[in-house]
Amino acid sequence: QHRVSTMGFPAVPAPPESERVCVFGTGDLGRSLGLRLLQAGYGVVFGSRRPHSSSSLLPHGAQVLGHAAAAQSAHLIFIAVQREHYDFLVPLANQLKGKVLVDLSNNLKKNQYPEANAEYLQSLVPGAEVVKGFNTLSAWSLQNGPSDANRQVYICGESVEAKQAVIAVAIKLGFSALDRGFLSVARELEDFPLQLFPQWRLPLRIAIGLSAAFFFYLLIRDIIYAYVTQSKDISFRIMVSLANKVCPIVSLIMLSLCYLPGVLASFLQLYRGTKYRRFPDWLDRWMLCRKQLGLLALGFAFLHVLYTLIIPIRYYVWFKNRTTQFDMTTAWRGDSYLSLGILGFGLYVLLGITSLPSVSNALSWREFSFIQSKLGHLTLLLCTAHTYLYGWNRFLSSSTYKWYTPPGYMLCLVLPSVVLLLKLLLITPCVDRTITRIRQGWERGADQ
Ligand code: HEM
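In the nomenclature of an unreviewed UniProt entry, the protein corresponds to STEAP family member 4 from the organism Oncorhynchus tshawytscha. Under the Sequence similarities (unreviewed entry) heading, UniProt states for the protein: "Belongs to the STEAP family."

The structure is reproduced here in structure tokens:
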């Protein structure tokens, strides 16, 4: 009775029902899923409204039947159909009784419908076990296989047995499945594919905001000031000099923004005398986007280094015609700030590389936190020292403060200096001892 006739293909012995799965929907997603299932050794039966006309488009080896017959031939049915067309399942209630229905659907925008698609499906076919899953995969990633795409699939549903059956298929297809709980989580899973780089949004806004603010600030100080006071047009400097100020300034501020929340969290624990109280939401959110802040900061530092490369070429003539006497102190200062910048940038790159999942997964927690915390603070120290040495004693000269405003590099030194000072306080032996005890579970006031 398992011999099923395929449309357009010779009859083949059908695999046992446990190894046979059904796919409703012959669109891109349904076809790609069918192909992967076939490659993984499953017998695949497509359910279609017009079995005769859709067979030519389907992967070779798959069977095509009408919906009712297809539903009867397998225990697990993937619903790769859009929610608007779910009505066709209602008359199939008898055939779908006790079957596992995997809802793969997604929506075009958040909160499009009052309930999640999977919950809606369950209400249409109460006799079936609905499992939400695989919706975070695209047709493309299904076709290319898990080696090329994200390996994780999320599932949720009410029945443990049904979820186990779906997990078994996911594993056989080469994915790792994560059970997220009951069907009420379906809405969250359906929102996943609609997210657009959620963790990058805040860091990107900070980067754009800082760049715009410093660009206009420096435009007024460097270009407009010269135009107004000396009638000199040096607007060409926008392209290199100004850009080469904005980039490192934004980079240094963003690097300090990576380390500020950690320092604040330590002080909060110190103040509260316990680690068992939640951090405020804003601090939690800030800590969760440190990696993105750091990677963007690295990008800006990289641009600064690239811009710096062209300075010697542009100013070669100026250096050649310089007649001022060689000054040992200036030479030391110049070489020191360049060297500190290079060392800082080297460590910066190391921090960026170790934040990549493939690298950080290969490190133990101790190694990771050594690099990200100890070497991270050292990077901040080197970059800050680079900027202090660059400024040197210019803060003494009144011509530095055009229109009574401090230069950009002075402004950008405030935050890193504060972070480094606070960190210095935290690593003094008596404070460090208390913090370590709190982190090990000790609570102030609990001893008495
Ligand atoms: C300024 C070189 C890395 C932050 C400068 C200047 C040079 C330079 C030549 C002066 C630019 C000018 O005269 O307009 C380098 C080299 C680096 C490096 C060769 C590494 C290969 C870094 C890093 C940071 C940084 C990693 C940290 C984010 C700064 C800042 C300034 C500066 C804030 C002052 C910008 C201003 O004029 O307002 N650097 N740097 N540098 N650098 Fe770097």
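(A) Spotlight on the nonpolar core. Core analysis: the biggest nonpolar cluster contains 55 residues, and Val21, Cys22, Ile77, Phe78, Ile79, Leu101 and Val102 have the highest contact counts within it. Those residues within four positions of Cys22 in sequence are excluded, and the remaining contacts are Val45, Gly47, Ala70, Ala71, Ser73, Ala74, Leu76 and Ile77. By size, the runner-up hydrophobic cluster in this structure holds 34 residues, among which are Phe214, Met254, Cys258 and Phe300.

(B) Region of interest: the sheet that holds strand S4 (residues 43-48). In space, the 8 strands of this open sheet follow the order S5-S4-S3-S6-S7-S8-S9-S10, with mixed pairing throughout. Lying at the two open borders of the sheet, with one neighbouring strand each, are strand S5 (63-66) and strand S10 (176-179). On average, each strand axis in the sheet is inclined to that of its neighbour by 30°, with strand direction left out of account. Summarising the sheet, strand S8 (residues 129-133) and strand S9 (residues 152-157) pair through 3 bridges and their orientation is antiparallel. Opposite Lys132, over in S9, you have Cys156 as the bridge partner.

(C) The confidence of the model for the protein, seen in detail. Of all residues in the protein, 92% attain a pLDDT of 70 or more, and the chain-wide mean is 89. Confidence over residues 1-12 falls short of pLDDT 50; this stretch has 19 contacts with residues more than four positions distant or in other chains. Overall fold confidence for the complex sits at a pTM of 0.77, while the interface term, ipTM, reaches 0.97.

(D) Quick peek at unusual backbone geometry. Its identity is not glycine, yet Trp392 carries a phi of approximately 50°, on the positive side. With respect to the helices and strands, Trp392 occurs in the loop between helix H16 (365-391) and helix H17 (408-426). Located in the positive-phi region is Trp403, a residue other than glycine, with phi close to 50°. By the element assignment, Trp403 lies in the loop between H16 and H17. Since 10 C-beta atoms lie within 10 Å of it, Trp403 is described here as exposed.

(E) Region of interest: the site of the ligand. Pro248, Ser251, Gly341, Cys383 and Tyr409 are the nearest of the 26 residues found near the ligand. Put simply, the parts of the chain that give the shell around the ligand at least two residues each are helix H10 (243-272), helix H12 (290-314), helix H14 (328-354), H16 and H17. At 7 residues, the largest contribution of residues to the shell around the ligand is made by H10. Classifying every residue of the shell around the ligand by side-chain character gives 15 nonpolar, 10 polar and 1 charged.

(F) Local environment of the UniProt feature "domain: Pyrroline-5-carboxylate reductase catalytic N-terminal" (unreviewed entry) in the protein. Taken from the UniProt record, the annotation "domain: Pyrroline-5-carboxylate reductase catalytic N-terminal" (unreviewed entry) applies to residues 20-106. With 31% helix and 26% strand, residues 20-106 has end C-alpha atoms that lie 25 Å from one another.

(G) Structural view of the packing of H10 against H16. Contact pair H10 / H16: the axes reach a minimum separation of 10 Å and the direction vectors enclose 150°. Relative to H16, the element H10 lies roughly antiparallel. By crossing handedness, the relation of H10 to H16 is classed as left-handed. Residues Leu252, Leu255, Ser256 and Tyr259 of H10 pack against Gly376, His377, Leu380, Cys383 and Thr387 of H16.

(H) Structural detail: helix H9 (residues 198-230). Compared with the 48 Å implied by 1.5 Å per residue over 33 residues, the 47 Å span of H9 between its first and last C-alpha is a close match. Its maximal kink placed at Ile224, H9 deviates by approximately 40°. Of all the residues in H9, the buried ones are Pro203, Ala207, Phe214 and Leu218. Phi turns positive, to about 50°, at Ser231, one or two residues after H9.

The rules behind each value
Residues numbered from 1 in each chain as written. Predicted model: local features only at pLDDT ≥ 70, side-chain atom pairs only at ≥ 80, totals over all residues. UniProt positions renumbered as here; feature names shortened; annotations may be inferred. Core = buried A, V, L, I, M, F, W, Y, C linked by C-beta atoms within 7 Å. Buried ≥ 20, exposed ≤ 12 C-beta atoms within 10 Å, placed from the backbone. Contact = placed C-beta atoms within 7 Å. Pairing = 2+ DSSP bridges. Helix = DSSP H or I, 4+ residues; strand = E, 2+ residues; numbered from the N terminus. Axes fitted to C-alpha atoms, helices over the stretch in contact; angles between N-to-C directions. pLDDT = per-residue confidence, 0-100. Near = placed C-beta within 6 Å. Nonpolar A, V, L, I, M, F, W, Y, C, P; charged D, E, K, R; others polar. Parallel < 35°, antiparallel > 145°, perpendicular 65-115°, else oblique. Left-handed = near helix turned anticlockwise from the far one by under 90°. Expected span 1.5 Å × (residues − 1). Bend = angle between axes of the 7 residues up to and from the residue.

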